[in-house]
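Next come the chains, spelled out residue by residue.
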Amino acid sequence: MLSDTPIDDPILHNAWHVVALADDVKVNQPLQVHLLGNAIALWRTDEKIIACQDRCPHRGVSLSMGWVDGNKAIVCPYHAMSFDADGRCTRIPADLKITCFPQTANIRTYQVKEKYGFVWVALGEPEQNIPTFAEWEQRNAIAFQCGPYFINASAPRVVENFVDIAHFPFTHRGLLGDPEFPEVPNYTLAVDADGISASDIHFHQPNPEGTGEAKSVSYVYKIVRPLIACFRKGDDIRYFSIFLTVTPVAETRSIAWLGVVRNYAPETSNDELRRFQDEVMAQDIPMVESQRPQKLPLNLQQEFHFPCDKMSIAYRKWLKQINLQFGTC
Ligand code: FES
Ligand SMILES: [Fe+2]
């Protein structure tokens, strides 16, 4: 069972988070999601998605178990109170004489957007926009989504795993790396107001294009928000790029999602590529779930580091600097 105790981290409270695949929010079918200890009901009208508290103010029943009335209200399944897209109560069937509803009959709604095939929700006032991923705007971009991947680990541990290359030859042996080529050459690290980037990363991969031909691949990695990172393989002419976004469900419960985009191989099916990402993630999850402490230690003395961990170290320093409390220790 998930605790319904909201987690009060100001940084994550005032930020956009992916909570669902946009296609999973269907007309007339409310969907329950969880974010930072809050249960949220998503429902869709013809024009937009609405995110509201998933608890009826009458007797606390889950509104996502209800239905959508006439494209304009979510209806509680228990006694059928209705709430419009702004969270205002519009109907109480047990007492139809009431037409002026008190504030206490209303529910809370949240800011919500659809972007990159995902539903993004902000509980508070987001201080930054949803990140822009330039590759998605390119003319020949072929994009798809992966996830949800449910992980019993803290969200910062999941992000750090995503930017860690040194595990490829062992955790992803034969897929992303080869134990005969375990070394991570030095790379360029930059930290600025936009986050952290690591460029000029060259790494041996056994089958980077699916042709069976091993070669050195060049990567650029970026951490653009506390719980959002991305990489790009290749160059401007031919690229393969993934962004990772992690839903902070609870301090040690996360949901990872991937936005994947490439500008080549249109004949390769997205389902096939998604299966590959599923396989990679299935190898990562037991590693990350076994990590102790579960929260990411921001005191650098607490864990041993390799020279090639400098991006992870920069991430931990950055989280400490912005004072992220959630999922860290
Ligand atoms: S519990 Fe929702 S209307 Fe009664
Ligand atoms: Fe991995």
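Because the structure is predicted, anything quoted here is derived from the model rather than measured.

Definitions and limits used
- Residues numbered from 1 in each chain as written.
- Chains lettered and ligands numbered in written order.
- Predicted model: local features only at pLDDT ≥ 70, side-chain atom pairs only at ≥ 80, totals over all residues.
- Heavy atoms only, no water.
- Donors = N, O, S within 2.8 Å, 3.2 Å for Na, K, Ca; no water.
- Tetrahedral: all angles 85-135°; square planar, octahedral: opposite > 155°, others 65-115°.
- Domains from an automatic or database assignment.
- Contact = heavy atoms within 4.5 Å.
- Buried area = accessible area lost by both parts, 1.4 Å probe.
- Salt bridge = Lys/Arg side-chain N within 4 Å of Asp/Glu carboxyl O.
- Polar contact = N/O pair within 3.5 Å; in protein donor to acceptor, adjacent residues only side chain to side chain.
- Helix = DSSP H or I, 4+ residues; strand = E, 2+ residues; numbered from the N terminus.
- Nonpolar A, V, L, I, M, F, W, Y, C, P; charged D, E, K, R; others polar.
- Buried < 20%, exposed > 50% of the residue type's maximum accessible area, 1.4 Å probe, protein only.
- Pairing = 2+ DSSP bridges.
- Axes fitted to C-alpha atoms, helices over the stretch in contact; angles between N-to-C directions.
- Parallel < 35°, antiparallel > 145°, perpendicular 65-115°, else oblique.
- Left-handed = near helix turned anticlockwise from the far one by under 90°.

Protein ligation of the iron ion (ligand 2) involves His167 (NE2), His172 (NE2), Asp284 (OD) and Asp284 (OD), the donor distances falling in the range 2.0 to 2.6 Å. Here the iron ion (ligand 2) is ringed by four donor atoms whose angles at the metal span 55 to 150°, and the overall shape comes out irregular.

Along its sequence, the protein chain is organised into domain 1 (10-122) and domain 2 (134-322). A separation of 33 Å is found between the C-alpha centroids of domain 1 and domain 2. The interface of domain 1 with domain 2 comprises 15 residues on the first partner and 18 residues on the second. Summed over both sides, the interface of domain 1 with domain 2 buries roughly 1300 Å², with 74% coming from carbon and sulfur. For the interface between domain 1 and domain 2, the tally reads zero salt bridges. In this structure, the connection of domain 1 to domain 2 is made through five residue pairs in polar contact (both at pLDDT 80 or more). If you list the elements that add at least two residues to the side of domain 1 that touches domain 2, you get α1 (10-13), β1 (17-21), β2 (31-35) and β10 (118-122). At five residues, the largest contribution of residues to the side of domain 1 that touches domain 2 is made by β1. Its residues assigned to classes, the side of domain 1 that touches domain 2 shows 11 nonpolar, four polar and no charged.

Now for helix α2 (residues 155-162). Among the eight residues in α2, eight count as buried, and that is most of the element. Turning to α2, its buried residues are Ala155, Pro156, Arg157, Val158, Val159, Glu160, Asn161 and Phe162.

In spatial order, the strands read β1-β10-β9-β4-β3-β2; together these six strands make up an open sheet with antiparallel pairing. The open sheet is flanked by β1 and β2, the only strands paired with a single partner. On average, adjacent strands in this sheet sit at an angle of 35° to one another, irrespective of strand direction. Sheet analysis places strand β9 (residues 109-115) next to β10, joined by five bridges and oriented antiparallel. The partner of Lys113 across the bridge, within β10, is Trp120.

If you trace the backbone, Val33 turns up in strand β2. With 217 residues separating them in the primary sequence, Val33 and Ala250 have C-alpha atoms 12 Å apart. Among all residues touching Val33, those that are not within four sequence positions of it are Val19, Ala20, Asn38, Ala39, Ile40 and Leu42.

Running from N to C, α2 and helix α5 (residues 310-322) cross one another at 150°; their axes reach a closest spacing of 10 Å. The orientation of α2 relative to α5 falls into the category roughly antiparallel. As α2 runs across α5, the sense of the crossing is right-handed. Across the interface between the two elements, Pro156, Arg157, Val159 and Glu160 of α2 pack against Ser312, Tyr315, Arg316 and Leu319 of α5. A class-by-class count of the residues in the contact of α2 with α5 yields four nonpolar, one polar and three charged.

Attention now goes to the pattern of salt bridges. Side chains that carry opposite charge are capable of pairing whenever their charged atoms lie near each other. Per the stated rule, a full pass over the model turns up 10 salt bridges. With a closest N to O distance of 3.3 Å, Asp84 and Arg88 form a salt bridge. Overall, the relative accessible area of 44% leaves Arg88 in the partly exposed class. Note that Lys295 is salt-bridged to Glu251, the shortest N-O span being 3.2 Å.

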